[in-house]
Amino acid sequence: MLFQYILQFNYVFKDAIRILGLLIFVYGLMHLYNMIYCAYFGPLNKIPGPKTAFLSEFFISLKQINGQRWKWLQYYVVPKYGPVARIAPKTIIISDRDIVKQVLVTNELPKSSRYEQLRDDKQYSTLFTARDREFHKNRRRILSPAFSIKHLTFLEGFIHSCISDLVNKIDETIIMQNNNNNNEVANVDVYKLIQLNALDIIGEAAFGGSFKLVKNGDHPLPKKVFIELRRRVWQSMFPFLRPFMSVDPYLINFMNVLIKQRRQSESKRKDLLQMLLDTKHLEGGLSDFEVYDQCSEFLMAGSDSTSFTTAMTIIELSKNPDKLKRLSKEVKEALIDEEADDNILIPSHNKLKNLPYLNAVISEGLRLYPSAIDLGPGKQTTEDMVIKGHFIPKDTIISVNIFYLHRAKKYWGEDSNEFIPERWLTPEKLPTDCFIPFSAGTRNCIGLNFAWMELRIVIATLVLRYEFKDIPGQDNEILQFITSGLRSKSHYLKTKFKV
Ligand code: HEM
């Protein structure tokens, strides 16, 4: 009896396995058919591009993981396939000024669904990851006062206090390397220090106080936030990993304590954190979780981006002594009657904001080294459309090639890859619509004014106090994950005090 039962169960079990196998096979076949159909016969098949990349997102995800996606696009895909190229089953990259304008400004296409994967909690969007037009408009309206010209004066104080740490650190390095002789040259890792300085500034502006990274070299919070960013990038590329990856409780605890302390404290700093907390009573104001989420976003969006441009601009100046000299002369003359505080002169933004050569140098830095090389997660079409003769079906993801627009010879001339700030002194001759380091349209960077202020003050302080000379032969390979940076995370310059 038992034997018969086992035998019968065995038959049923085997049949079930066979049916399951057949179902999996049919599903696989359908999936393969869909993949091949979408790749080579679907509505995007007229757009040129590397054929293997049409089959699956996997190819581009692999390049994204090791930071090389941008190089593949700039030096292989765009030269070979032109201004509208297909780089994945449903993704194209555009490298044409008119098309970019249409996508970002005229049609204002919404962000792609990939931004949802970058959220901590899929239900809660931040300003950066918002897709719904109305939600974004409302959130932007609420957050804009924190970045307004009026509020920048409060934020400027935070920048100043962090820059004194930066200057003290560089001074200390010069003095230490030269056995207390102030007139000698030292090798200073300017790239690294500028990166730490930008994090300290965001710490001051959005987390209640500087992380003191320049001074002490370490603080767990920024490290954890960047691990968190990596987690989100991974889950955006491989959504099935989401259930296995959770946010580090340290981050939430840190912010919870900070928010609680701030709510209880009498004296309120006028920083970004406070501005966000004060929205609680407004319509559409932020909950405590959203304040935490938004501040973390400022840290991710506002530190590496600003520090990359600042550092690369200083590195370019160190390779171009005549331009460095011209800039420091302009800054020095503008500050002739400014008093140094504790022997450190950190210029006020008011004195710097209209200096033509300083602005030209920064624009050139932003042009050659835009931290958002292309708007990777992209925009998404909401209906079929024709762009400059190309049929683009609904739900296509469109990546915007900022790097190409900034460097194309056809827009900027034969010297487009060279660092020539002078070109900005006659802006009427420039293709300014091809200059979009902060993106364009309603989804442009909310931190634009803050970033410009930081760039001006940091660069002016440094060129006023030090002479820099490049040390050739260092690894200058750029990697791009969400923002870009040097692979080596360091670049040394020969640095000495100005006489
Ligand atoms: C040189 C420095 C910076 C550059 C080049 C830059 C660039 C950009 C770009 C290209 C975007 C559009 C991204 C997209 O569409 O996916 C953006 C958006 C954004 N940036 Fe920046 N950024 C900089 C500094 C900052 C700073 C300092 C902050 C904040 C403290 C910040 C916060 C944001 C936020 C919150 C958004 C989303 C805005 C929205 O969707 O309304 N950025 N930035």
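- Looking at an unreviewed UniProt entry, the protein carries the name Cytochrome P450, with the source organism given as Diversispora epigaea.
- Turning to the protein, the UniProt annotation filed under Cofactor (unreviewed entry) states: "heme".

### Concerning the state of the cysteines
At step 1: For the structure shown, the criterion picks out 0 disulfides.
At step 2: In this model cysteine 162 remains outside any disulfide bridge; the closest cysteine sulfur is found in cysteine 295, 15 Å from its own.
At step 3: Accessibility expressed as a relative area gives 0% for cysteine 295, which makes it buried.

### A closer look at the coordination of the iron atom of the ligand
At step 1: Within the protein, a single donor atom binds the iron atom of the ligand, namely Cys445 (SG) at 2.3 Å.
At step 2: Positionally, cysteine 445 belongs in the loop between α19 (409-412) and α20 (448-465).

### A few points about the site of the ligand
At step 1: Taken together, 28 residues are adjacent to the ligand, and Tyr115, His136, Arg140, Arg443 and Cys445 come closest.
At step 2: The contact in question runs from an oxygen atom of the ligand to an N or O atom on the side chain of histidine 136, over 2.7 Å.
At step 3: Arginine 443 places a polar side-chain atom, nitrogen or oxygen, 3.0 Å from an oxygen atom of the ligand.
At step 4: Secondary structure elements with two or more residues in the shell around the ligand: α6 (133-143), α13 (288-302), α14 (304-319) and α20.
At step 5: When residues of the shell around the ligand are assigned to their parent elements, the largest contribution, 4 residues, is made by α13.
At step 6: Class assignment for the residues of the shell around the ligand results in 16 nonpolar, 8 polar and 4 charged.

### Points about the environment of aspartate 120
At step 1: In this structure, aspartate 120 sits in the loop between α5 (114-117) and α6.
At step 2: A residue is classified by how much of its surface remains accessible, and aspartate 120, at 11% relative accessible area, is buried.
At step 3: Aspartate 120 sits 109 residues away from leucine 229 along the chain, and the two C-alpha atoms are 9.3 Å apart.

### Quick word on the UniProt feature "transmembrane region" (unreviewed entry) in the protein
At step 1: Mapped onto the present numbering, the UniProt feature "transmembrane region" (unreviewed entry) falls on residues 20-42.
At step 2: For the annotated span residues 20-42, helix accounts for 91% and strand for 0% of the residues, and the straight-line distance between the end C-alpha atoms is 30 Å.

### Concerning the sheet that holds strand β7 (residues 397-400)
At step 1: Taken in spatial order, the 4 strands of this open sheet run β1-β2-β7-β4, and their pairing is mixed. The open sheet is flanked by β1 (84-88) and β4 (379-380), the only strands paired with a single partner.
At step 2: Against the sheet, helix α4 (residues 97-106) contacts β1, β2 (91-94), β4 and β7, and its axis sits at roughly 120 degrees relative to β7.

### Considering unusual backbone geometry
At step 1: The phi torsion at aspartate 395 lies on the positive side, around 70 degrees, for a residue other than glycine.
At step 2: Tracing the chain through its elements places aspartate 395 in the loop between β6 (390-392) and β7.
At step 3: Even without glycine at this site, serine 439 takes up a positive phi of about 65 degrees.
At step 4: Topologically, serine 439 is positioned in the loop between α19 and α20.

### So, the layout of surface pockets
To find the voids left in a structure, one rolls a probe of water-molecule size over its atoms.
At step 1: Considering only enclosed or pocket space, the second largest pocket measures out at about 360 Å³ in volume.
At step 2: Elements represented by at least two residues in the lining of the second largest pocket include exactly α15 (321-334) and α20.
At step 3: Across the lining of the second largest pocket, the residue classes break down as 6 nonpolar, 3 polar and 5 charged.

### Notes on the nonpolar core
At step 1: Membership of the largest hydrophobic core comes to 130 residues, with the highest contact counts inside it found for Phe207 and Phe450.
At step 2: Examining the composition of this core, we find that 12 residues originate from one element, α20, more than from any other.
At step 3: Setting aside residues up to four positions removed in sequence, phenylalanine 450 forms contacts with Phe147, Leu152, Leu155, Ile159, Ile201, Ile202 and Ala205.
At step 4: Leu73, Tyr81, Ala85 and Ala88 belong to the second largest nonpolar core, which has 10 residues in total.

The rules behind the values
- Numbers given for residues are sequential positions, taken from 1 along each chain in its written order.
- Since the coordinates come from a predicted model, pLDDT governs what is reported: local features require at least 70, and pairs of side-chain atoms require 80 or more to be given and counted, while whole-chain, interface and lining totals use all residues.
- Excluded from the side-chain calculations are hydrogens and water; all other atoms, namely the structure's heavy atoms, are used.
- UniProt positions are given in the numbering used here, feature names are shortened, and annotations may be inferred rather than shown by experiment.
- Pairs of cysteine sulfur atoms within 2.5 Å are identified as disulfides in what follows.
- Think of it in three bands: residues with accessible area under 20% of the maximum for their type are buried, residues over 50% are exposed, and the middle band is partly exposed, with areas taken using a 1.4 Å probe on protein chains only.
- Only N, O and S atoms count as donors, using a 2.8 Å cut-off from the metal and 3.2 Å for Na, K and Ca, and because water is excluded some sites may appear unfinished.
- In this text, helices come from DSSP runs of H or I with a minimum length of four residues, and strands from runs of E with a minimum of two, each type numbered from the N-terminal end.
- If even one non-hydrogen atom of a residue comes within 4 Å of a molecule or strand, that residue is called near it.
- In the analysis that follows, any N or O atom pair within 3.5 Å is treated as a polar contact, provided that within protein one partner can donate a hydrogen and the other can accept it, and provided that, for residues neighboring in sequence, both atoms belong to side chains.
- Ten residue types, Ala, Val, Leu, Ile, Met, Phe, Trp, Tyr, Cys and Pro, are classed as nonpolar, four, Asp, Glu, Lys and Arg, as charged, and the remainder, Gly among them, as polar.
- Two strands qualify as a pair provided DSSP detects at least 2 bridges between them.
- Contact between two residues is taken to exist if any of their heavy atoms lie within 4.5 Å; hydrogens are not considered.
- Axis lines are fitted to C-alpha atoms, over the contacting stretch for helices. Their N-to-C directions set the angle, which ranges from 0 to 180 degrees.
- Here the term cavity refers to a set of points on a 1 Å grid, laid over the protein atoms alone, in which a 1.4 Å probe fits but cannot get out; the term pocket refers to an open set having protein on both sides within 12 Å along at least five of seven lines, with lining residues being those that place an atom within 4 Å of a point.
- Grid points are joined across faces, edges and corners, and a volume is the space filled by probe spheres set on the points.
- Here, nonpolar core means buried Ala, Val, Leu, Ile, Met, Phe, Trp, Tyr and Cys residues that are tied together by side-chain atoms lying within 4.5 Å of each other.

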